[in-house]
Amino acid sequence: NLPGKQIYRGVGSTLWSIKAVVCGPIESRLLGDILREKPQEADGIDSVVVVDNVPQVGPERLEKLKNVIHKIFSKFGKITTEFYPEADGMTKGYIFLEYAAPTQALEAVKNADGYKLDKQHTFRVNLFTDFDKYMNISDEWETPEKQPFKDFGNMRHWIEDPDCRDQYSVIYEAGERTAIFSNDAKEPITVEERARWTETYVRWSPKGTYLATFHQRGIALWGGEKFKQIQRFSHQGVSLIDFSPCERYVVTFSPLMDTKEDPQAIIIWDILTGQKKRGFHCESSAHWPIFKWSHDGKFFARMTPDTLSIYETPSMGLLDKKSLKITGIKDFSWSPGDNIIAFWVPEDKDIPARVTLMQMPSRQEIRVRNLFNVVDCKLHWQRNGDYLCVKVDRTPKGTQGVVTNFEIFRMREKQVPVDVVEMKESIIAFAWEPNGSKFAVLHGESPRINASFYHVKNNGKIELIKMFDKQQANSIFWSPQGQFMVLAGLRSMNGALAFVDTSDCTMMNIAEHYMASDVEWDPTGRYVVTSVSWWSHKVDNAYWLWTFQGRLLQKNNKDRFCQLLWRPRPPTLLSADQIKMIKKDLKKYSKIFEQKDRLSQSKASKELVDKRRAMMEEYRRYRETALQIYQEQKSIRLELRGGVDTDELDSNVDDWEEETIEFFINEEIIPLGDL
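First, a word on what this report is: a plain description of the structure on this page. Here the structure is a predicted model, which means the values were calculated and not measured.

## Some remarks on the side chain of Lys438
Part 1: By the secondary structure assignment, Lys438 is in strand S32 (residues 438-445).
Part 2: Accessibility expressed as a relative area gives 15% for Lys438, which makes it buried.
Part 3: Apart from the residues lying within four places of it in its own chain, the contact partners of Lys438 are Trp432, Glu433, Tyr454, His455, Ile465, Trp478 and Thr502.

Given below as structure tokens:
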């Protein structure tokens, strides 16, 4: 039962045994460099972990045990010292490991604590410094210091707008100014506007609670009625962020901060406390986000060569303390409605490519689909997780060119049946209807691009509803509520727009926003914005507001306009039955809304009349003032004009002289015989 510090100091590589030397001024000058490196009593302690429940072995099995331990714990960093206490020729069942950096020791505690070596041995891992901390805890209760409450106001105030206006953010003047507007059919209403609010761009959190701004030193989150600063996260050179769907965590990426000993390229933060939860290395941010979240924010995963690592919150440790070994894994994606992960693996010699659906956290495979002659796959989930479409590019044997299959997985049915739609033309775009069972495909080559609409029926068939040919489109944008969509030809296609109602597949309107670079639906699906961003095109920068039917409401020109983002809404609190009841009684609600619209219009008309009356009254006052000045200056005018009053046209009639002047215009001779 020797004290831990004494055991360790005899072995530690950084806690040297040095005789005390009393140094005067001369010694300090001569040995200054060495003395500065003299270890302090606590040096190295933060980098040490204690591993308990280690097998007790004799000398003949010690080397094998050391190899196993080193293999497990070297994954978290460089181990500089290992110490195995012994008694009576046997190890004591606990060991000391020193890492090169304290952060590596923390990683070992997070990931190895609870590691099951075998049936009899489950590791308990603690920091060495924790022993001192827990030994020095007072036996007497101390009341925690009361922390002041920070009132940020109503964090969801915009949802309580009596006119149900949604908000959106706009960056313009090449990023110098950022504004928040409330959407209105007549003109946008300014909510907040600030200069240099962000250094690059902004992001809304998934439920619209926070607005994130980017700065050289890190990220700031804003919210509440006056957009106060809620939280800030220090991450030098941050360039990318991602939120968890539950808004509990935010992930930041910086290419400047990573080191081998202290992973800081990617950091996961707790939004409420502002604390760093964990750091990760990152080779490249080409496929952002690196981590993909489950729909409820309980899990997040990343893919590395032949490995899929799934982590759980709030511990941020590996699920079951180990990663999934999946040889050749190419891509993966979480279901938006369940804790199910889909991934695909390409062909390997005689082994076919396969798509696998795996339930988490049990890791149970609920469906495997083998595929042949595969070139590439893309995973497309329907927003509710009811369907998964795997777009499979294949090169069938004996044929030239690529054929595309859409493998449709019916996630809500037993054994997850799969339907197939085959297309021999090249695919430009694919998109699911957010709340429904339809999907749209753009296929073909310009100028013969076709838009096809399919319906996944309950009887196991996929029906082609409609095909529009010769479309100028390269992108599909569904309304968040489904049914309506915009087929857009962005950038190179000069901003061609087609507004479609998929309930009967009719073109409601065809329009154009020249050189449009972006299309953004509002959360309700009532309005859609098209814009020309200064980031992609240096002229004609503006955003236009349309109704879902394609009627143009506004043209908002902003100097060097860059970005528009609608503020998301949190999920509805209404149940499915309540929504059905509202739809059933929609006519009753429509009358109320129509009456409110008429009142709004009459109010607008009254405001316009009042404005015009005010302008007329202002003009009348100005005219009276001008006439008064004119009359006051009459004596001066008479003096200047020799007493002649020229104010009236009929003045001084007695002094007029009348003169008649005749002009010969023409002469016409008409013979009488012709009459």
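Next comes the rest of the account.
## With respect to a nonpolar patch on the surface
Part 1: Together, Leu574, Ile579, Ile582 and Leu586 give the surface a local cluster of nonpolar side chains, amounting to about 290 Å² of exposed area.
Part 2: Positionally, Leu574 belongs in the loop between strand S43 (563-566) and helix H7 (576-584).
Part 3: Residue Leu574 is classed as partly exposed on the basis of its relative accessible area of 39%.

## Focus on the environment of Arg278
Part 1: Residue placement: Arg278 occurs in strand S17 (residues 276-280).
Part 2: Sequence separation of Arg278 and Pro434 is 156 residues, and the distance between their C-alpha atoms is 34 Å.
Part 3: Ignoring any residue separated from it by four or fewer positions in sequence, one finds Arg278 in contact with Glu107, Lys110, Asn111, Ile266, Ile267, Ile268, Tyr311, Met316 and Gly317.
Part 4: A distance of 2.8 Å separates polar atoms of two side chains, one belonging to Arg278 and the other to Glu107.

## Here's the deal with the sheet that holds S17
Part 1: On the basis of which strands lie adjacent, the open sheet formed by 4 strands has the order S14-S15-S16-S17 and antiparallel pairing. A single partner strand is all that each edge strand has here, and the edge strands are strand S14 (240-243) and S17. Strand after strand, the sheet turns through a mean of 20 degrees between neighbouring axes, direction not considered.

## Here we look at the sheet that holds strand S41 (residues 542-547)
Part 1: The antiparallel open sheet is built from 4 strands, whose spatial order is S39-S40-S41-S42. Of all the strands in the sheet, the pair left with one neighbour each is strand S39 (518-521) and strand S42 (552-557). The average angle at which neighbouring strand axes cross in this sheet is 20 degrees, direction not considered.

## Some words on the packing of aromatic side chains
Part 1: Tallying each qualifying case throughout the model produces 37 aromatic pairs.
Part 2: Consider the rings of Phe280 and Tyr311, whose centres lie 5.3 Å apart with planes at 75 degrees: the pair is edge-to-face. Of this pair, Phe280 sits in strand S17 while Tyr311 sits in strand S20 (residues 307-312); the two residues are 31 residues apart in sequence, bridging distant segments of the chain.
Part 3: Overall, Phe280 belongs to the buried group, its relative accessible area being 5%.

## Considerations on the side chain of Glu192
Part 1: Take Glu192: it is sitting in strand S9 (residues 189-195).
Part 2: For Glu192, a relative accessible area of 19% corresponds to the buried category.
Part 3: Among the polar contacts listed, one links the side chain of Glu192 to the side chain of Arg194, at a separation of 3.3 Å.

Parameters and conventions
- Residues numbered from 1 in each chain as written.
- Predicted model: local features only at pLDDT ≥ 70, side-chain atom pairs only at ≥ 80, totals over all residues.
- Heavy atoms only, no water.
- Helix = DSSP H or I, 4+ residues; strand = E, 2+ residues; numbered from the N terminus.
- Buried < 20%, exposed > 50% of the residue type's maximum accessible area, 1.4 Å probe, protein only.
- Contact = heavy atoms within 4.5 Å.
- Patch = residues over 30% accessible without salt bridge, like charges linked within 9 Å, V, L, I, M, F, W, Y side chains within 5 Å.
- Areas by Shrake-Rupley, 256 points an atom, 1.4 Å probe, with all protein chains shown as cover.
- Salt bridge = Lys/Arg side-chain N within 4 Å of Asp/Glu carboxyl O.
- Polar contact = N/O pair within 3.5 Å; in protein donor to acceptor, adjacent residues only side chain to side chain.
- Pairing = 2+ DSSP bridges.
- Axes fitted to C-alpha atoms, helices over the stretch in contact; angles between N-to-C directions.
- Phe/Tyr/Trp six-rings, centres within 6.5 Å; stacked < 30°, edge-to-face > 60°.

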